[in-house]
Structures are given as C-alpha cells and as structure tokens.
Amino acid sequence: NPEYAKAPKESYDQLATAIDRSSIQAISIEDAHRHNNLSMLEKFTHTTVIFGVVAIAKSRVETVQEIIDRLTAALNHIDADRLIAAPDCGLGILGRDLAMAKLVNMCAAARSVG
C-alpha cells in the first residue's frame, strides 16, 4: 500500500550510533519493503541486526538469489555473526502458503550466504 506511512529512510541512520551505545542487544531493521543505505550498518559495532529481507506487504515471493544479493550487500558493512536474516515483521497477514514460500527462500539464502 503506497499510502502506508513509513518513517523517513534516514531514521535508522540517525539512531544507529545511540542504539549501539545503549544496552540494546539487537535491533530489527526493515529493509525488504524499502531498501536502506547499508553503510548505516557500520554504525552497529556491538548490536546484532535482525535484517528484514522478505517483505510482508507484498505477495510476490522474493527469489533466493534476490535475498542472497541483499544479504551479501549487508555483509559488506557488518560482521556475519551480528546479522540475522528475517522477514520485515510478522508474516501472519500473508497466509500460511505464502508465508512458508517466503521463509523457505529466506532460509535457503541464509544457508547459502552463511
């Protein structure tokens, strides 16, 4: 839905350093819906990033290669032991079959990159 209000793209970048200096151990970053500038991942030197690589607002199933490409791009900016592949957020609204198709591809991509 193009009218779905999202935070400004630079929000993660503006908060990254403060989050990394806090006691927060992990942060979820939605990236599949709208790709972020991945250089902001470099600001997370201690914090684990739960990285959204499949969209929940789209019924198209991301290909394994698309997910691999995004994870590989992210790994240019953050250590692999602090990057977790995930959906942008909950998949409950998609229905079981669509959610499973997205998760199967996400897991295959993560295994391939890891």
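Please refer to the structure placed before this passage.
Everything in this summary refers to the structure shown in the same document. Just so it is clear, the model here is predicted, and its values are computed rather than measured.

A few words now on the overall build of the protein. When its secondary structure is counted, the protein shows three helices and three strands. Taken against the 2.2 N^0.38 rule, which gives 13 Å for 114 residues, the C-alpha radius of gyration of the protein at 14 Å falls within 12% of a compact globule. With the principal axes as the frame, the protein shows a C-alpha extent of 40 × 35 × 20 Å. Burial statistics for the protein: of 114 residues in total, 37% are counted as buried. Within the structure as shown, the protein displays about 6700 Å² of accessible surface, and the carbon and sulfur contribution to it stands at 54%. In the protein, 12 positive and 14 negative side-chain charges are present, and the distance between their average locations comes to 2 Å.

Taken as a whole, the largest pocket holds about 200 Å³ of empty space. Around the largest pocket sit D31, A32, H35, G52, V53, A55, K58, R60, E62, E66, I67 and R70, which together line it. Secondary structure elements with two or more residues in the lining of the largest pocket: β2 (48-54) and α2 (64-75). By residue number, the principal contributor to the lining of the largest pocket is α2, which donates three residues. Taken together, the residues of the lining of the largest pocket sort by class into four nonpolar, two polar and six charged.

With that settled, the discussion passes to the pattern of salt bridges. With the rule as written, the count across this model stands at five salt bridges. Here D79 makes a salt bridge to R82, at a shortest N to O gap of 3.7 Å. Classification of R82 by relative accessible area gives buried; the value is 13%.

On to the pairing of β2. In terms of burial, β2 is a largely internal element, six of the seven residues being buried. Two strands pair when backbone bridges link them, and strand β1 (residues 26-29) and β2 are joined in this way by four bridges, in the parallel orientation. Among the inter-strand pairings, I29 is bridged to a residue of β2, identified as F51. Sheet topology places β2 next to strand β3 (residues 83-87); five bridges connect them, and they run parallel. By the bridge assignment for β3, V54 is matched with P87. With respect to chirality, the unit in which β2 leads through α2 into the neighbouring parallel β3 is right-handed.

Moving on to the state of the cysteines. With the rule as written, the count across this model stands at zero disulfides. In this structure C89 is a free cysteine whose sulfur lies 17 Å from that of C107, the closest cysteine sulfur available. By relative accessible area, which is 38% here, C89 ends up partly exposed.

One open sheet holds the three strands; their spatial order is β1-β2-β3, and the pairing between them is parallel. The sheet is open, and its two edges are formed by β1 and β3, each paired on a single side. Sheet twist, expressed as the mean angle between neighbouring strand axes with direction ignored, is 30°. The strands touched by α2 are β2 and β3; relative to β2, the strand with the most contacts, the crossing angle is about 155°.

The rules behind each value
Counting restarts for each chain: residues are numbered from 1 in the order of the written sequence. At least 70 in pLDDT is required for a residue's local features to be given in this predicted model, at least 80 for side-chain atom pairs to be given and counted, and no such filter applies to totals for whole chains, interfaces and linings, which use all residues. For the side-chain quantities, the full set of heavy atoms in the structure was used; hydrogens and water were omitted. Numbering of helices and strands runs from the N terminus; a helix is a DSSP stretch of H or I covering at least four residues, while a strand is a stretch of E covering at least two. In this setup the radius of gyration rests on C-alpha atoms only. A globule is expected at 2.2 Å times the number of residues raised to 0.38. Three exposure classes are used, based on accessible area relative to the maximum for each residue type with a 1.4 Å probe and protein chains only: buried under 20%, partly exposed in between, and exposed over 50%. Per-residue and other accessible areas were derived by the Shrake-Rupley procedure at a 1.4 Å probe size, with only the shown protein chains allowed to occlude residues. By the counting scheme adopted, Arg and Lys are positive, Glu and Asp are negative, and His together with the chain ends is not counted. Charge positions come from single atoms, namely NZ of Lys, CZ of Arg, CG of Asp or CD of Glu. Lining residues are those with an atom within 4 Å of a point, where the points come from a 1 Å grid over the protein atoms alone and group into cavities, where a 1.4 Å probe fits but cannot get out, or pockets, open sets with protein on both sides within 12 Å along at least five of seven lines. Grid points are joined across faces, edges and corners, and a volume is the space filled by probe spheres set on the points. Lys, Arg, Asp and Glu make up the charged group, whereas Ala, Val, Leu, Ile, Met, Phe, Trp, Tyr, Cys and Pro make up the nonpolar group; the residues left over, Gly among them, are polar. When a carboxyl oxygen of Asp or Glu is within 4 Å of a side-chain nitrogen of Lys or Arg, the pair counts as a salt bridge. The rule for pairing is simple: two strands pair if DSSP sees at least two bridges between them. A right-handed crossover is one whose linking path, passing over the helix from the first strand to the second, runs clockwise when the strands point away from the viewer. Working definition: a disulfide is two cysteine sulfur atoms within 2.5 Å of each other. Here an angle of 0 to 180 degrees is reported between the N-to-C directions of two axes, which are lines fitted to C-alpha atoms, with helices fitted over the stretch in contact. Throughout, a residue-residue contact means that at least one pair of heavy atoms, one from each residue, lies within 4.5 Å.

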